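# Descriptive analysis of the structure
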Amino acid sequence: MKNKLTIYSIITIFSELVWIIGSLLTFYYFYRLLDVPEEDQIFDVIRSYDFLGFKNVPETTLNIIMSTCVLILLISTPLLVMNYKNHHTLKNETYERETGIYLIIAGILSIFSLNIFATVVCILTGITIMIKKPRVKIKFVETEFEKKDIKIKSFVNTLLLFFFLSIVAIIVIVPFYWMILTSLMSKSNFSDYTDMNLYLPFSDMYWINFKEALTKADFGLYIKNTLIVAFTTTIGTVFTTILAAFAFSRLEFKGREMIFTTLLMTMMVPGELYVITNFVTISNTFHWYNTFEALIVPFITDVFYIFFLRQTFKQIPDSLYKAAKVDGCSDLKFLMRVMIPIAMPTLITITILNALGTWNAYVWPRLVTESDHYLVSIALRTSFTNSATQMTDYRLQMAAATIITVPILIVFLFARKYIMRGVGRSGTKG
Amino acid sequence: MNKFSTFKTKFNDLRWRMRNYKNDVKSLITNFFDKIYIGRIFKLNFFKGMLYLSPALILILIFTLYPIINSLLMAFYENYTPVDGMIDGFTLDNFKSVLKPGFLVAIKNTALIVFVSVPISVIISLFISVMLNSVKFLKSFFQTIFFLPYVTNTIAIGLVFSLMFDFDYGLINSILEFVGNTFVGDFFDLFGVTISPLHWKDSQATYATAMTTLLIYTIWGSLAFKIMVFTAGLQNIDKQYYDAAKVDGTSKWRIFTKITVPLLSPMIAYITITSFIGAFKSYTTVVALFGETGRTAGSVDLRTIVFYIYGYIMNGNALNPGELSRGAAASLMLFGIILVFTVIQMYVNKKRVHY
């Protein structure tokens, strides 16, 4: 029943999974081990640790081990995802020659994650596929005007194009790279600004900075706050949006169009106009100043999402609704059983965009909360600047910035399709 | 066994009787409501629709519709105290007191951001998306990278920029110093321009350098969305136009100006106007680079209009009588400016700018 390739791919996936979990656990073990340095230390202190029977291991060794773990994670996780997607094509034998080429490249990449097992199996699978699907040669008849110099010209053009695109890509990437680089520097490494540090060796990556940022500035609390607010608002938004979009798209009642137009009109009004009154409502009418309610309640509905979901609901044929009605299905049941499963991609988009919005929120949380209810953006802005000397601890600030940026990047890379779909219709960030 | 069966029959009997009671009560209530003509409401479509709408609608009423009306009124209140809601009457003084010299500086800053960053970023993103559209290999890879600035936290990346433009530790100054020591620096020296580290945003920064830093960050952050919309628009252009141009041997630049730009013009107009609106509301970019004061340590003022609106609420200012009214007046002015652009957008949308 099972062919050879399926077994190979299962072995690869399994070995990569073991590798990822192993490196995660190792990283966590050493992260727990690290000691946060004392307050107001100007110079680096070389610390040493005892673990698993080893005595007086210097911190640089720990740094090398942890950096290797992160490197393994960075290489293995995308490969695991790709291999998992490929597994299906291998199982159904719908693979192409390109799959084989990809698998060989993946095998070569696995060498860098020190996963020899996966390397061998990947390259073996790739070669098997390449043998099974030989290259099909199609010879085109060269026409008169496709001369050699034109080919060279187009080649040079493509090269220039890639050159410019790469430059723009580098300009976009540089701030992220700089952020991660600074977050890993030691104090002496950072203050030695006379020569440009464009990279760090593994032994100089100070992972302790992340622990310092999380504990010293109480950044863990702010992450917890943000997660609470993001989770609650997202659930609330999805709930209210589904009900409202259903009413606007399926139920027939008087005044429906009028209410909908009014809601659309409010989208044109800038948010700054209603911030002032909302501030009075929240702090004086409801007495919610510096509580979670102030951060959650105003944001558990959004006109744009209602509009967005209504468009999706409208595409579902009306005959489905009528058929369900004939069978004696109630509206709510129809919504749960038919509409929501069909509109699932849109709901995922709404969920991700809403969670991202809370994660990046700055203005409103700043207005209605004080330091114990801050969200991550505000904490990032205020926590790492010494109020007396106005000096900023850039290393810790960048470590915190990395902590809140990397999850977003991971979510974006996995859910790119959903995010771009929703953003295309939403307008500017404001 | 026998005992249990008697219990079971008793229990069933009880259940049956309970159900009868329930039905009796139900019919009693419905009859009562039907008699006084309320029962029909529950069967009305309107009631049902409202039931589904109510969670969203109540929140929108409280937090969106009511504030719009209330802010309109509040801008005309005299000595409004938010704690007890007392007012002394209605005046136009709020608008007058908003328009002090500081606010005019804010208008100038905002106008600079709007009218410099938006055209530049539209043009750059147009070129990038045209380039992106003509490659096949690695296209989605580049698309993913170019979209990154949109999803990330404005504050976090703004702080990174703030570090990159730092005088001592910054990457930009390192590059400037490096370039200044090579032959490029010598070449520029011939024209009397020395390439050396600049005070971008610290206490010795001038208005020009601080503004340049802000503009660079604004443009960097706003490219992502535009590139995405433009690449989507370019894919919808009919390939026939390009094939026809190819047959005629048209040059690349001519194809760009005579085919791509005219066919993309609705998109360009839409993007330009929405970006204008967005740039008028710029706030977090300034906070990320220069802190909540909106000024450099050398007191170069970079505050925007929105800074003024929030300035009336923040740091306990809201409790002072009349402050919130001034904030409302300032936000009404911003609304007026944005309304003009919205009207232009609706007009343009109707006309569908084409060739």
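Residues numbered from 1 in each chain as written. Chains lettered and ligands numbered in written order. Predicted model: local features only at pLDDT ≥ 70, side-chain atom pairs only at ≥ 80, totals over all residues. Heavy atoms only, no water.

### Quick notes on the overall build of chain A
Within chain A, the secondary structure is distributed over 19 helices and two strands. Projected onto its principal axes, the C-alpha positions of chain A cover 75 × 70 × 55 Å. For chain A, the residues scored as buried account for 48% of the 430 residues in total. For chain A, contacts bridging at least 24 residues in sequence account for 74% of all contacts bridging at least 6. (Helix = DSSP H or I, 4+ residues; strand = E, 2+ residues; numbered from the N terminus. Buried < 20%, exposed > 50% of the residue type's maximum accessible area, 1.4 Å probe, protein only. Contact = heavy atoms within 4.5 Å.)

### Brief notes about the overall build of chain B
Across its full length, chain B carries 15 helices and two strands. Its C-alpha atoms give chain B a radius of gyration of 32 Å, clearly above 20 Å, the size a compact globule of 355 residues would have. With respect to the three principal axes, the spread of C-alpha positions in chain B is 110 × 70 × 55 Å. By residue count, 46% of the 355 residues in chain B fall in the buried class. Sequence separation of at least 24 residues holds for 69% of the intrachain contacts in chain B that already meet a minimum separation of 6. Of the accessible surface of chain B, which amounts to about 19,100 Å², a share of 66% is contributed by carbon and sulfur atoms. Distance between charge centroids for chain B: 20 Å, based on 31 positive and 19 negative side chains. (Rg over C-alpha atoms; globule rule 2.2 N^0.38 Å. Areas by Shrake-Rupley, 256 points an atom, 1.4 Å probe, with all protein chains shown as cover. Lys, Arg positive; Asp, Glu negative; His and termini not counted. Charge placed at Lys NZ, Arg CZ, Asp CG, Glu CD.)

### Here's the deal with a positive patch on the surface
A contiguous patch of positive charge, built from Lys153 of chain A together with Lys136, Lys246 and Lys252 of chain B, is present on the exposed surface. Within the secondary structure, Lys252 of chain B sits in helix α12 (residues 252-280). (Patch = residues over 30% accessible without salt bridge, like charges linked within 9 Å, V, L, I, M, F, W, Y side chains within 5 Å. Salt bridge = Lys/Arg side-chain N within 4 Å of Asp/Glu carboxyl O.)

### Description of a nonpolar patch on the surface
All names here are of chain A. The grouping of Ile152, Phe155, Val156, Leu159, Leu160, Phe163, Phe164, Ile167 and Ile171 at the surface amounts to a nonpolar patch, some 880 Å² of accessible area in total. Position of Phe164 relative to the elements: it lies in helix α5 (residues 148-183). Classification of Phe164 as partly exposed rests on a relative accessible area of 42%.

### Some remarks on the interface of chain A and chain B
With 94 residues of chain A at the contact, the number on the chain B side is 97 residues. With both sides pooled, the region where chain A packs onto chain B buries about 8,500 Å², and carbon together with sulfur makes up 78% of that total. Summed over the shared surface of chain A and chain B, the result is two salt bridges. As a salt-bridge pair, Lys48 of chain B and Asp331 of chain A come within 2.5 Å of each other at their nearest N and O atoms. For the interface between chain A and chain B, the tally reads 15 residue pairs in polar contact (both at pLDDT 80 or more). (Buried area = accessible area lost by both parts, 1.4 Å probe. Polar contact = N/O pair within 3.5 Å; in protein donor to acceptor, adjacent residues only side chain to side chain.)

### Concerning the nonpolar core
Ranked by size, the top nonpolar core spans 208 residues in total, and within it Phe219 and Leu380 of chain A together with Phe146 and Phe147 of chain B carry the most contacts. Not counting residues within four places of it along the chain, the set of residues in contact with Phe146 of chain B comprises Leu165, Val168, Ala169 and Val172 of chain A together with Ile128, Leu132, Ala224 and Ile227 of chain B. Counting 12 residues, the second-largest nonpolar core is a separate cluster that includes Leu5, Leu90, Tyr95 and Leu103 of chain A. (Core = buried A, V, L, I, M, F, W, Y, C linked by side-chain atoms within 4.5 Å.)

### Things to note about the pattern of salt bridges
Applying the stated criterion across every chain yields a total of 10 salt bridges over all chains. In this structure, Lys325 of chain A and Asp331 of chain A form a salt bridge, with 3.2 Å as the shortest nitrogen-oxygen distance. Its relative accessible area of 5% is what places Asp331 of chain A among the buried residues. The shortest N-O distance in the salt bridge between Arg303 of chain B and Asp301 of chain B comes to 3.0 Å. With a relative accessible area of 18%, Arg303 of chain B lands in the buried category. Taken together, the salt bridges that share partners define one network made up of Arg250, Asp318 and Lys322 of chain A.

### Some thoughts on the layout of surface pockets
The calculated volume of the second largest pocket comes to roughly 2,600 Å³. Taken together, 50 residues make up the lining of the second largest pocket; nearest its centre are Leu74, Pro78, Val406, Ile410 and Leu413 of chain A. Mapped by element, the contributors of at least two residues to the lining of the second largest pocket are α1 (4-33), α2 (59-91), α3 (97-112), α5, α7 (208-216) and α18 (394-414) of chain A together with α6 (139-151) of chain B. Element by element, the count of residues in the lining of the second largest pocket is highest for α2 of chain A, at 12 residues. Here the residues of the lining of the second largest pocket are counted per class, giving 42 nonpolar, five polar and three charged. (1 Å grid on protein atoms, 1.4 Å probe; cavity = no way out; pocket = protein on both sides within 12 Å on 5 of 7 lines; lining within 4 Å. Points joined across faces, edges and corners; volume = space filled by probe spheres on them. Nonpolar A, V, L, I, M, F, W, Y, C, P; charged D, E, K, R; others polar.)

### Some points on the domain arrangement of chain B
Residue and element names in this part refer to chain B. Domain parsing of chain B yields domain 1 (2-90) and domain 2 (93-165 + 200-351). For domain 1 and domain 2, the distance between their C-alpha centroids amounts to 45 Å. Listed as interface residues are 11 residues of domain 1 and, on the opposing side, 12 residues of domain 2. Carbon and sulfur atoms make up 69% of the surface buried where domain 1 meets domain 2, a total of about 870 Å² over both sides. Counting across the interface, domain 1 meets domain 2 through zero salt bridges. For the side of domain 1 that touches domain 2, the element with the most residues is helix α3 (residues 45-74), which contributes three residues. Each residue belonging to the side of domain 1 that touches domain 2 can be placed in one class, and the counts come to eight nonpolar, three polar and no charged. (Domains from an automatic or database assignment.)

### Overview of the packing of α2 of chain A against α3 of chain A
Residue and element names in this part refer to chain A. As a packed pair, α2 and α3 sit with axes 10 Å apart at the nearest point and diverge in direction by 160°. Taken together, the axis directions place α2 and α3 in an arrangement best described as roughly antiparallel. Judged by the twist between their axes, the crossing of α2 over α3 is left-handed. Mapping the contact onto sequence places Leu71, Ile75, Leu79, Met82, Asn83 and Asn86 in α2 and Thr99, Tyr102, Leu103, Ala106, Leu109, Ser110 and Phe112 in α3. Of the residues assigned to the contact of α2 with α3, the class counts are nine nonpolar, four polar and no charged. (Axes fitted to C-alpha atoms, helices over the stretch in contact; angles between N-to-C directions. Parallel < 35°, antiparallel > 145°, perpendicular 65-115°, else oblique. Left-handed = near helix turned anticlockwise from the far one by under 90°.)

### So, the environment of Gly89 of chain B
Residue and element names in this part refer to chain B. As for its placement among the helices and strands, Gly89 is situated in strand β2 (residues 89-90). For the pair Gly89 and Asn79, spaced 10 residues apart in sequence, the C-alpha separation works out to 7.9 Å. Residues within four places of Gly89 in sequence aside, it is in contact with Phe76, Tyr77 and Glu78.

### Remarks on the packing of aromatic side chains
For the structure on display, the rule yields 43 aromatic pairs over all chains. With a centroid separation of 6.3 Å and an interplanar angle of 70°, the aromatic rings of Phe299 of chain A and Trp364 of chain A are classed as edge-to-face. One end of the pair, Phe299 of chain A, is in the loop between α11 (292-296) and α12 (303-315); the other, Trp364 of chain A, is in helix α16 (residues 363-368), and 65 residues separate them in sequence. Judged by its relative accessible area of 39%, Phe299 of chain A is partly exposed. In this structure Trp364 of chain A comes out as buried when scored by relative accessible area, which is 9%. A centroid spacing of 5.6 Å and a plane angle of 35° characterise the contact between Trp253 of chain B and Phe256 of chain B, whose relative ring orientation is tilted. Of this pair, Trp253 of chain B and Phe256 of chain B both sit in helix α12, three residues apart, which is roughly one turn of the helix. A network of ring pairs unites the aromatic residues Phe176 of chain A together with Phe161, Phe165, Trp200, Tyr217 and Trp220 of chain B as a single cluster. The ring of Tyr31 of chain A is capped by Lys211 of chain A, whose NZ or CZ atom sits 5.5 Å from the centre of that ring. (Phe/Tyr/Trp six-rings, centres within 6.5 Å; stacked < 30°, edge-to-face > 60°. Lys NZ or Arg CZ within 6 Å of the ring centre and 35° of its normal.)

### Structural notes on the side chain of Ser9 of chain A
Tracing the backbone through its elements, the reader meets Ser9 of chain A in helix α1. The exposure class of Ser9 of chain A is buried, given its relative accessible area of 7%.

### Notes on the confidence of the model for chain A
Mean pLDDT over chain A works out to 84, with 92% of the residues at or above the 70 mark. Averaged over each element, pLDDT in chain A is lowest for helix α19 (residues 416-426) of chain A (75) and highest for helix α8 (residues 219-249) of chain A (92). (pLDDT = per-residue confidence, 0-100.)

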